[in-house]
Amino acid sequence: MSQLPNHMGIYMLITTIFVFFVVYGYVGVSWKTRPWIPLLAGVLLLVAAYVATLAIDGTSKQLRATAEKAATQGNLKDRETLMTFAEANDRQTKLLELVTIPLAVSLIASAFFAKADRAFQAKATEFEGRQSELEQREGALVEDEAALIRDLISGLRGQGVIDRHEGILEKRKDLNFDHWFLLDDYRDLLNARLVQRRERRSRRPPSGKR
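Model, not experiment: these values are computed from the prediction. (Residues numbered from 1 in each chain as written. Predicted model: local features only at pLDDT ≥ 70, side-chain atom pairs only at ≥ 80, totals over all residues. Heavy atoms only, no water.)

Engineer: Which parts of the structure should I look at to understand the side chain of T53?
Structural biologist: Looking at the element boundaries, T53 is found in helix α3 (residues 36–72). With relative accessibility at 10%, the residue T53 sits in the buried group. From its side chain, T53 meets the backbone oxygen of A49 in a polar contact 2.7 Å long. (Helix = DSSP H or I, 4+ residues; strand = E, 2+ residues; numbered from the N terminus. Buried < 20%, exposed > 50% of the residue type's maximum accessible area, 1.4 Å probe, protein only. Polar contact = N/O pair within 3.5 Å; in protein donor to acceptor, adjacent residues only side chain to side chain.)

This is the structure in structure tokens:
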């Protein structure tokens, strides 16, 4: 009977190791894409550990009260047996707190980190998309400028050329504004070097190229 606390402690330890492996087996990509999964698992583990601790503590108190009553009645053997069970419960409670609380906290922390990482990845992807869109517009505008230069060199003149030139100037102004808006919207990522800013293309190619 005196070995009961040790046996119950070993049983609790085996159960805890089993829980660790079960949780480890469920870790996957979904924990990154759905941070609520580890968050929910951590909260449920905390609640379950709290309820289990209350139940075990309640049982221990009842066992001790019964043991003291048995002692007053002269049943020392019964008192020893009941106190042994109470001690076993205390060890279970300590082991439960020692293991479940760090595990639950780590799950909740991983959920927070996963959510932050997901938000960062979404922001970085958004930045890359806007930057690529501006690069495409820049490339098209450079081609328009090159075509206008070739036409001017070939001697083309007229209102159509003037309209094309004004249209290019308007597009260039809009592109510059959008470029600075991009830098301002993602300044925190750029300053922290979490995303890479690509150099803008030359505004106009050399006039000799076709």
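Engineer: What is the right way to read the pattern of salt bridges from this model?
Structural biologist: Where charged atoms of side chains with opposite charge meet at close range, the side chains can pair. According to the stated counting rule, one finds 13 salt bridges in the structure shown. We note a salt bridge from R172 to E138, for which the minimum N-O separation is 2.8 Å. With a gap of 34 residues between them, R172 in helix α5 (residues 159–185) and E138 in helix α4 (residues 76–153) connect regions that are remote in the sequence. The residue D184 makes a salt bridge to R187 at a minimum N-O spacing of 3.5 Å. Its relative accessible area of 42% is what places R187 among the partly exposed residues. By sharing partners, the salt bridges in this structure join E128, E135 and R198 into a single network. (Salt bridge = Lys/Arg side-chain N within 4 Å of Asp/Glu carboxyl O.)

Engineer: Please explain the environment of T53 as it appears in this structure.
Structural biologist: On a C-alpha basis, the gap between T53 and N89 in space is 9.4 Å, while along the polypeptide they are 36 residues apart. Apart from residues no more than four positions distant in its own chain, T53 is found in contact with T93, L96 and E97. (Contact = heavy atoms within 4.5 Å.)

Engineer: Got a minute to help me understand the nonpolar core in this structure?
Structural biologist: Ranked by size, the top nonpolar core spans 14 residues in total, and within it F127, L182, Y186, L190 and V195 carry the most contacts. Dropping the residues within four chain positions of it, L182 is found in contact with F127, R130, Q131 and L134. Counting 5 residues, the second largest nonpolar core, distinct from the first, contains L45, L103, A104 and L107. (Core = buried A, V, L, I, M, F, W, Y, C linked by side-chain atoms within 4.5 Å.)

Engineer: Got a minute to help me understand a nonpolar patch on the surface in this structure?
Structural biologist: Together, L39, V43, V47, Y50, V51, L54 and F112 make up an exposed nonpolar region whose accessible area comes to about 660 Å². Considering each element in turn, the nonpolar patch owes the most residues, 6 residues, to α3. You can see V47 is positioned in helix α3. (Patch = residues over 30% accessible without salt bridge, like charges linked within 9 Å, V, L, I, M, F, W, Y side chains within 5 Å. Areas by Shrake-Rupley, 256 points an atom, 1.4 Å probe, with all protein chains shown as cover.)

Engineer: Got a minute to help me understand the packing of α3 against α4 in this structure?
Structural biologist: A pair of packed helices is captured by two measures, namely the crossing angle of their axes and the spacing between those axes. Taken N-terminus to C-terminus, the directions of α3 and α4 make an angle of 165°; their axes are 8 Å apart at the nearest point. Taken together, the axes of α3 and α4 are roughly antiparallel relative to one another. Handedness of the crossing formed by α3 with α4: left-handed. The residue makeup of the contact of α3 with α4, split by class, is 25 nonpolar, 10 polar and 7 charged. (Axes fitted to C-alpha atoms, helices over the stretch in contact; angles between N-to-C directions. Parallel < 35°, antiparallel > 145°, perpendicular 65-115°, else oblique. Left-handed = near helix turned anticlockwise from the far one by under 90°. Nonpolar A, V, L, I, M, F, W, Y, C, P; charged D, E, K, R; others polar.)

Engineer: Honestly, α4 in this entry has me stumped. Any pointers?
Structural biologist: Each turn of an α-helix holds 3.6 residues, which means side chains three or four residues apart point in the same direction. When the terminal C-alpha atoms of α4 are compared, their 114 Å separation across 78 residues agrees well with the 116 Å that a helix rising 1.5 Å per residue should span. Of the residues flanking the end of α4, it is G155, one or two places downstream, whose phi is positive at about 100°. (Expected span 1.5 Å × (residues − 1).)

Engineer: It is not clear to me how α5 should be interpreted in this structure. Could you clarify?
Structural biologist: The terminal C-alpha atoms of α5, which comprises 27 residues, lie 39 Å apart, in line with the 39 Å expected from a rise of 1.5 Å per residue. Here α5 has its buried residues at V161, I168, R172, L175, H179, L182 and L183. Packing partners of the buried residues in α5 comprise α4 and α6 (187–191).

Engineer: Got a minute to help me understand the packing of α4 against α5 in this structure?
Structural biologist: Interhelical geometry of α4 versus α5 gives an angle of 160° and a closest axis separation of 10 Å. One finds that α4 runs roughly antiparallel with respect to α5. Like other packed secondary-structure pairs, α4 and α5 cross with a definite hand, here left-handed. Split by residue class, the contact of α4 with α5 holds 12 nonpolar, 3 polar and 13 charged.

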